[in-house]
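Residues per chain, in single letters:
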Amino acid sequence: MNQGQLLELQQRLLKAEKENKKRSQELSRALNEFKLLVARRINMTKNDTVDMKWKELKLPVHLTNLYYYLPHLQEYEDAISPNVIFGQQRTGVSLVMGIPTVKREKQNYLIDTLQSLIHQLSEEQKKDCIIIIFIAEVDADYVKSVAESVKTSFPREVQSGVLEVISPPASYYPDLSNLKKTFGDSEDRVRWRTKQNLDYSFLMLYAQPKGTFYLQLEDDIIAKPDFIESIKNFAAQQSQDWMVLEFSQLGFIGKMFKSEDLPFIVEFFLMFYKDKPIDWLIDHLLWVKVCNPEKDAAHCETEKSKLRIRAKPSLFQHMGIYSSLAGKIQNLKDKDFGKNVLHKAHNNPPAKVDTSLRIYQEYTLEKVYKGQDFFWASAPVAGDYIRFTFSNPLEVEKYLFRSGNMEHPGDKLFNTTVEVLPAAETLRKELVSNGSKFNYPATKDGYLKIGAFENGIAEGSINQSIGRIKAIRLSVSSDSPVWAILSEVGMSIKAFFNYLLLNELWFFQSYSIVNHLSE
C-alpha cells in the first residue's frame with residue numbers, strides 16, 4: 001500500500017469517525033429519553049418487584065441508527081424493548097456490572113459467579129452498584145427458570161435492587177442462518193460470535209443510563225476479594241483520558257467503560273457485528289481513534305495503550321470449562337490472576353473438632369478451623385455431622401460457614417442445619433423435655449437449630465438469651481450427590497465477657513504450670 005492509499009484510508013477513517021460521533025450524539029439523546037421513561041416507570045411502580053411477569057420499557061422508536069444496522073427491527077414495534085423480569089429500576093449508581101448468560105449444554109455457572117461477586121460486596125457497596133443479568137435467550141420457559149433460580153438464591157439482593165434480570169424480545173435478533181463464514185470459523189462459531197455481539201450491544205444500551213461506569217463480566221467467572229475497591233482505586237489513579245480499563249487479560253471479561261462512551265462503542269459493534277468477535281472489534285475501534293497509518297505498528301500499540309489501560313494483578317478469573325458454544329471445551333485461565341484463594345482464615349476460639357464425614361487426604365477439619373487450609377470430605381449422607389466443641393463455654397454472637405471454593409465451587413453442603421448446644425445443663429434438659437422456648441426447633445439431644453445452609457453458605461446471629469454455648473454442630477439431613485468442602489469457618493464471640501473468660505483460663509493454666517515447677 002503506497003503513501004497516497006494510506007492517506008486516502010486515513011481520510012475515510014476520519015470521515016467515518018465524524019459520522020460515528022454524529023450518530024452517537026443522536027443515540028445519546030435517545031438514551032436520555034430512555035432515562036425519562038425509566039424514571040416515569042419507577043414512579044408508576046415504586047417498590048413493586050415484578051413476580052415473573054413481563055414488564056416492558058419502551059426505547060424511543062426514532063433510533064434510526066439501530067434500524068440502519070438492524071433493518072429487521074422496523075418490522076416489529078417492540079423489537080428493542082427489554083423484558084424486565086424483575087428489578088427495582090435503580091439508577092444513579094457508580095458502577096453497573098453486566099452479565100450476559102445463555103443456555104449451555106452441560107454445566108451452568110451463573111449462580112456461582114453471582115455468589116462470588118455478591119459475597120465480596122459490603123453493604124455500602126451494594127447501595128452504589130447494580131448487577132444486570134441478561135438472559136440472552138427467547139425460550140420463555142428457560143428464561144423463567146433462570147430468573148427463578150436467581151431470585152431464590154439471592155432474595156435480598158433482588159428486593160433491594162442490587163440484582164436485575166432482563167431478557168430480549170424474540171424479534172430483536174435478525175436471521176442468523178446465512179452468515180458469511182470468515183477467518184476459517186465454522187458456521188456454528190460464526191453464528192455464536194455474531195449473536196454474542198448483539199447480546200453485548202443490547203445489554204450495554206440497557207445499562208448505559210443507570211450509572212457512571214459499566215463493567216463487562218461473563219457468567220463463568222470468579223472475583224478477587226475487595227474487587228470493587230481495587231477498581232475504584234485504579235480508576236482514580238488514571239490521569240489521562242482513557243476508554244477501556246482492563247481488569248482481566250481474557251477476552252471481554254473485566255473490561256470497564258465510561259457509561260457516556262457506550263452509545264458510540266455500541267454503534268461501532270453494530271457496524272461490524274457480523275464480521276469479527278467482540279474483543280477484536282474493541283481493538284479496531286481503538287485503532288480508528290488513535291493510530292496513524294503513516295506510523296509503524298509499535299507506535300500504534302503505544303497510542304492504543306493510552307486508551308486501553310491494563311490493571312495487574314487481574315481481578316477476575318475464568319472458571320468455566322464448558323463454553324456457551326456447543327461442544328467447545330475452554331480451559332482458559334488468566335495467568336495474572338495469581339493463585340486462587342481456596343480458604344479464608346478467622347481467629348476462632350479454642351475448640352475440639354470432630355466429624356463423621358470421611359476426610360479426603362490431608363484436608364482436615366482442624367485445618368479449616370485454624371485457618372490453615374480447607375476441609376474436604378467425600379459425599380455426606382443423612383445423619384452426618386461436623387462439630388466444634390469449645391474448650392470453655394462461650395457467648396457466641398455470630399457464625400459463618402462457607403462451603404465450596406474457587407476450584408471446586410460445586411462441592412457444597414446442602415440440606416444442612418446449624419445447631420448450638422447451650423452450656424446450661426438444666427436448659428438442655430428442658431429443651432429435651434418441653435421443646436424450645438427461643439423460637440428455634442430443638443433436637444432430641446438438646447441442640448437448637450438456629451440456621452441452615454443456603455447456596456453453600458450458613459451465616460447469622462445467635463440469640464444472646466441462649467447464654468453460653470458449649471458446641472456448634474452442622475447436621476446433614478439428606479444424602480448429597482457431591483463431595484463437601486468447608487473453606488471458611490468463623491465464630492464471633494462476645495468480646496468483653498469472653499476476653500475475661502479466656503484470660504482467666506490462661507491464668508489458671510499458667511498458675512498451675514508455675515506451681516508444678518516450683519514443687
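Quick caveat, the model's predicted, so the values are computed rather than measured.

Cut-offs and rules
Residues numbered from 1 in each chain as written. Predicted model: local features only at pLDDT ≥ 70, side-chain atom pairs only at ≥ 80, totals over all residues. Heavy atoms only, no water. Pairing = 2+ DSSP bridges. Helix = DSSP H or I, 4+ residues; strand = E, 2+ residues; numbered from the N terminus. Axes fitted to C-alpha atoms, helices over the stretch in contact; angles between N-to-C directions. Buried < 20%, exposed > 50% of the residue type's maximum accessible area, 1.4 Å probe, protein only. Arc of directions from axis to C-beta. Contact = heavy atoms within 4.5 Å. Disulfide = S-S within 2.5 Å. Polar contact = N/O pair within 3.5 Å; in protein donor to acceptor, adjacent residues only side chain to side chain. 1 Å grid on protein atoms, 1.4 Å probe; cavity = no way out; pocket = protein on both sides within 12 Å on 5 of 7 lines; lining within 4 Å. Points joined across faces, edges and corners; volume = space filled by probe spheres on them. Parallel < 35°, antiparallel > 145°, perpendicular 65-115°, else oblique. Left-handed = near helix turned anticlockwise from the far one by under 90°.

Visitor: What exactly am I supposed to notice about the sheet that holds strand E15 (residues 396-403) here?
Guide: By way of backbone hydrogen bonds, the strands of a sheet pair with one another, either parallel or antiparallel. Strand order in the open sheet formed by four strands is E13-E20-E15-E18, and the pairing between neighbours is antiparallel. Where the open sheet ends on each side, the last strands, each with one partner, are strand E13 (375-377) and strand E18 (457-461). Sheet twist, expressed as the mean angle between neighbouring strand axes with direction ignored, is 20 degrees. Direction of pairing for E15 relative to strand E20 (residues 484-493): antiparallel, over a ladder of seven bridges. Opposite Phe-401, over in E20, you have Val-489 as the bridge partner.

Visitor: How should helix H11 (residues 297-307) be read in this particular structure?
Guide: Because each turn of an α-helix spans 3.6 residues, side chains separated by three or four positions in sequence point in the same direction. Among all positions in H11, only Cys-300, Lys-304 and Leu-307 are buried. For H11, the arc enclosing every buried residue in end-on projection is 45 degrees, short of the 170-degree limit, so these residues lie on one face. Buried-residue contacts for H11 involve strand E8 (244-246), helix H10 (278-290) and strand E10 (308-310).

Visitor: What is the right way to read the environment of Ala-424 from this model?
Guide: Structurally, Ala-424 is set in the loop between strand E16 (416-422) and helix H13 (425-434). Considered as a pair, Ala-424 and Lys-470 are 46 residues apart in the sequence and their alpha carbons are 8.5 Å apart.

Visitor: Would you mind going over the state of the cysteines with me for this structure?
Guide: Put plainly, a disulfide is one covalent bond tying together the sulfur atoms of two cysteines. The tally for this structure, following the rule as stated, stands at one disulfide. Cys-291 shares a disulfide with Cys-300; S-S distance 1.8 Å. Between Cys-291 and Cys-300, the S-S dihedral sits near 75 degrees, and the bridge is therefore right-handed. Each member of the pair, Cys-291 as well as Cys-300, carries the same accessibility label: buried.

Visitor: Is there a simple way to explain the side chain of Glu-267 in this structure?
Guide: With respect to the helices, strands and loops of the structure, Glu-267 is situated in helix H9 (residues 262-271). Reaching out from Glu-267, the side chain makes a polar contact with the side chain of Tyr-69 at a distance of 3.3 Å.

Visitor: Which parts of the structure should I look at to understand the layout of surface pockets?
Guide: Any space left empty among the atoms is revealed by the rolling of a water-sized probe across them. Within this model, the largest pocket holds a volume of roughly 1600 Å³. Looking at the largest pocket, it is lined by 50 residues, and the ones nearest its centre are Gln-115, His-119, Arg-402, Ile-457 and Glu-459. At the level of secondary structure, the elements contributing two or more residues to the lining of the largest pocket comprise helix H3 (110-119), helix H4 (123-126), helix H6 (155-160), E15, E18 and E20.

Visitor: Just to check I follow, could you spell out the packing of H9 against H10 for this structure?
Guide: Between two packed helices, both the angle of their axes relative to each other and the distance between the axes serve to describe the pair. Interaxial distance between H9 and H10 falls to 10 Å at its minimum, and their mutual angle equals 115 degrees. Between H9 and H10, the angle falls in the class roughly perpendicular. The two elements H9 and H10 meet at a crossing, and its hand is right-handed. Contacts between H9 and H10 involve Phe-264, Ile-265, Phe-268 and Phe-269 from the former and Ile-278, Leu-281, Ile-282, His-284, Leu-285, Val-288 and Lys-289 from the latter.

Visitor: Looking at this structure, how should I read the sheet that holds strand E14 (residues 385-394)?
Guide: Read from one edge to the other, the open sheet built from five strands follows the order E12-E14-E19-E16-E17, with strand pairing classed as antiparallel. The outermost strands of the open sheet, each flanked by one partner alone, are strand E12 (351-355) and strand E17 (448-452). Neighbour-to-neighbour, the strand axes of the sheet open up by a mean angle of 20 degrees, direction not taken into account. Sheet topology places E12 next to E14; five bridges connect them, and they run antiparallel. Within E14, the residue paired with Asp-354 across the bridge is Arg-387.

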